[in-house]
Amino acid sequence: MAQAPKLPNSLQTFTGQHKGLVRNHTYEIIIAGPGFEAANADIGLDARNLTILCENAQFPGSAVGTQPNRIYGPVRELAYEKIFSGDLSLTFRMDKEMRLRELFNAWQKVIHDPETGDFGYYDDYRAEILVYQYPAQGGTENGPIYGVRCTDAYPKSIAPLDVAYDQTNSYMRQTVDFAYRTWEEITG
């Protein structure tokens, strides 16, 4: 029989054992691949600026698809497939020339030509999105402590931009939802 865990009796004991907590504000995103590069060819946005402009990112989730199975006794849920959940949502601060919005609109034009109505080849519009988490102390000098690679990603949805007279002390934010095929952890 398993023994009950022994909880630390103080915050000092906990932080001494676990070296503190991860802060969610030390992250980086990288987008690279044929779709992104084709869209950015005319825009010329420095890809390194995407991390600075990215106000909000997330590490994608996953689930396991199950199906009930009963032979005798209580029903068991048996796993049958890995599910990579949902879209990857990134929110960007809008740059002063609005080139960021132009970039994602151009990327969607690589996917779908608005003049002919034709859709592009999958290999031409996909890209890779990497999201890295860095330690709060030391930042990027020590390297990431965690990362994920989303493969075969492309902008599925570009959210509308709000304009309003009562927003004088704010700035524009552009949310883009990316479809992706799979994601994997990046280690060491």
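Since the structure is predicted, the reported quantities are computational estimates derived from the model, not experimental observations.

K.L.:
Would you mind going over the packing of aromatic side chains in detail, with residue names and values included?
P.N.:
Under the definition given, this model contains nine aromatic pairs. Judged by centre distance (6.0 Å) and plane angle (70 degrees), the ring pair of F36 and W107 falls under edge-to-face. Within this pair, whereas F36 is found in helix α2 (residues 34-43), its partner W107 is found in helix α4 (residues 99-111), the two being separated by 71 residues in sequence. Since its relative accessible area comes to 4%, F36 is described here as buried. An aromatic cluster of three or more residues is present, and its members are F36, F92, F104, W107 and F178. Across the ring face of Y171, the terminal group of R173 is positioned such that the distance to the ring centre comes to 4.3 Å.

K.L.:
Lay out the side chain of Q133 in plain terms, naming residues and giving numbers.
P.N.:
Relative to the assigned elements, Q133 resides in strand β6 (residues 127-133). Residue Q133 is classed as buried on the basis of its relative accessible area, which comes to 7%. For Q133, the contacting residues outside a window of four places in its chain are V22, R23, N24, T26, Y27, F59, P144, I145 and Y146.

K.L.:
Go over the packing of α2 against α4 with me, naming the residues and quoting the values.
P.N.:
Contact geometry of α2 with α4 gives a least axis separation of 8 Å together with a crossing angle of 130 degrees. The angle between α2 and α4 places the two elements in the oblique class. Of the two possible hands of crossing, α2 and α4 adopt the one that is right-handed. Packed against α2, whose contacting residues are G35, F36, A38, A39, N40 and I43, the element α4 presents R99, E102, L103, A106, W107 and V110 at the interface. Looking at the contact of α2 with α4, its residues break down into eight nonpolar, two polar and two charged.

K.L.:
Could you give an account of unusual backbone geometry, with specific residues and numbers?
P.N.:
You will see that M98, though not glycine, has its phi angle at about 60 degrees, which is positive. Checked against the element boundaries, M98 lands in the loop between β5 (88-93) and α4. Positive phi is not limited to glycine here, since D152 has a value of about 50 degrees. By the secondary structure assignment, D152 is in strand β7 (residues 146-158).

K.L.:
With reference to specific residues and values, describe the pattern of salt bridges.
P.N.:
Under the counting rule described, the total for this entry stands at ten salt bridges. With its nearest N and O atoms 3.7 Å apart, the salt bridge here joins E55 to R93. With E55 in strand β2 (residues 54-56) and R93 in strand β5, this pair connects stretches of sequence that are 38 residues apart. Residue class for E55 comes out partly exposed when judged on its relative accessible area of 23%. D152 is the salt-bridge partner of R126, the closest N and O atoms lying 3.3 Å from each other. With a gap of 26 residues between them, R126 in the loop between α5 (122-125) and β6 and D152 in strand β7 connect regions that are remote in the sequence.

Reading the values: the criteria
- Residues numbered from 1 in each chain as written.
- Predicted model: local features only at pLDDT ≥ 70, side-chain atom pairs only at ≥ 80, totals over all residues.
- Heavy atoms only, no water.
- Phe/Tyr/Trp six-rings, centres within 6.5 Å; stacked < 30°, edge-to-face > 60°.
- Helix = DSSP H or I, 4+ residues; strand = E, 2+ residues; numbered from the N terminus.
- Buried < 20%, exposed > 50% of the residue type's maximum accessible area, 1.4 Å probe, protein only.
- Lys NZ or Arg CZ within 6 Å of the ring centre and 35° of its normal.
- Contact = heavy atoms within 4.5 Å.
- Axes fitted to C-alpha atoms, helices over the stretch in contact; angles between N-to-C directions.
- Parallel < 35°, antiparallel > 145°, perpendicular 65-115°, else oblique.
- Left-handed = near helix turned anticlockwise from the far one by under 90°.
- Nonpolar A, V, L, I, M, F, W, Y, C, P; charged D, E, K, R; others polar.
- Salt bridge = Lys/Arg side-chain N within 4 Å of Asp/Glu carboxyl O.

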